[in-house]
Amino acid sequence: ICEAAKRMGFGLTTFKGHCRHLGLRRWPMRKLESVRKVGMLIKDQESDKEEPSQFESEPPSEVYRAILKDPDLALSQGFKECRQLIYKKHSKKIKRTNNER
């Protein structure tokens with residue numbers, strides 16, 4: 001968002017004000033980055049031949065596209081729970097790797 005403001009010749013606060021005035025209430029970067037990271041972690045877990053991810057919610061690619069269409073979209077509870085499980089698995093994997101050193 002900082003880069004976009006700079007390119008248009010506005011300060012960040014002014015830029016955000018203009019965005020809100022035009023109806024863009026949220027800049028969903030954090031949400032999109034979280035969904036993208038979940039997708040990457042799922043692929044990593046599958047390539048490491050760990051147990052397959054139990055993703056009972058929408059696939060991350062569909063959630064990403066939905067957020068791009070509607071930045072105010074709330075993540076479903078199922079997606080949030082799956083994201084938490086995936087982050088926990090990844091954290092345990094990192095701890096295991098560090099302990100083996």
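What you see is a predicted model, and the numbers here were worked out from it, not measured in a lab.

## Let's talk about the pattern of salt bridges
- Applying the stated rule across the entire model yields two salt bridges.
- Note that Glu3 is salt-bridged to Arg7, the shortest N-O span being 2.7 Å. You can see Glu3 and its partner Arg7 sitting in helix α1 (residues 2-8), four residues apart, about one turn around the helix.

## What to know about the packing of aromatic side chains
- Scanning the model with the defined rule gives zero aromatic pairs in all.
- Above the face of the Tyr87 ring, Lys37 is positioned so that its terminal group lies 5.3 Å from the ring centre.

## A short note on a positive patch on the surface
- Together, Lys88, Lys92, Lys95 and Arg96 make up a positively charged patch on the protein surface.
- Examined against the element boundaries, Lys95 turns out to sit in helix α5 (residues 77-100).

## Notes on helix α4 (residues 60-69)
- Considered for burial, the residues of α4 that qualify are Pro60, Val63 and Ile67. Summarising the axial view, the buried residues of α4 lie within an arc of 60°, below the 170-degree limit, and thus occupy one face. Structural note: α4 exposes Leu68 and Lys69 on the side pointing more than 90 degrees away from its buried face.
- Turning to α4, the residues buried within the fold contact α3 (29-47) and α5.

## Quick word on the side chain of Arg83
- Here Arg83 shows up in helix α5.
- Side-chain polar atoms of Arg83 contact the side chain of Ser34, separated by 3.0 Å.
- Non-local contacts of Arg83, meaning those with residues more than four positions away in its chain, are made with Ser34, Val38 and Leu75.

## Structural notes on the nonpolar core
- Leu32, Val35, Val38, Leu41, Ile42, Val63, Ile67, Leu75, Phe79 and Ile86 together form the largest nonpolar core, which totals 10 residues.
- Listed by contribution, the elements that provide at least two residues to this core are α3, α4 and α5.
- In terms of residues, this core owes the most to one element, α3, which gives five residues.

About the cut-offs
- Residues numbered from 1 in each chain as written.
- Predicted model: local features only at pLDDT ≥ 70, side-chain atom pairs only at ≥ 80, totals over all residues.
- Heavy atoms only, no water.
- Salt bridge = Lys/Arg side-chain N within 4 Å of Asp/Glu carboxyl O.
- Helix = DSSP H or I, 4+ residues; strand = E, 2+ residues; numbered from the N terminus.
- Phe/Tyr/Trp six-rings, centres within 6.5 Å; stacked < 30°, edge-to-face > 60°.
- Lys NZ or Arg CZ within 6 Å of the ring centre and 35° of its normal.
- Patch = residues over 30% accessible without salt bridge, like charges linked within 9 Å, V, L, I, M, F, W, Y side chains within 5 Å.
- Areas by Shrake-Rupley, 256 points an atom, 1.4 Å probe, with all protein chains shown as cover.
- Lys, Arg positive; Asp, Glu negative; His and termini not counted.
- Charge placed at Lys NZ, Arg CZ, Asp CG, Glu CD.
- Buried < 20%, exposed > 50% of the residue type's maximum accessible area, 1.4 Å probe, protein only.
- Arc of directions from axis to C-beta.
- Contact = heavy atoms within 4.5 Å.
- Polar contact = N/O pair within 3.5 Å; in protein donor to acceptor, adjacent residues only side chain to side chain.
- Core = buried A, V, L, I, M, F, W, Y, C linked by side-chain atoms within 4.5 Å.

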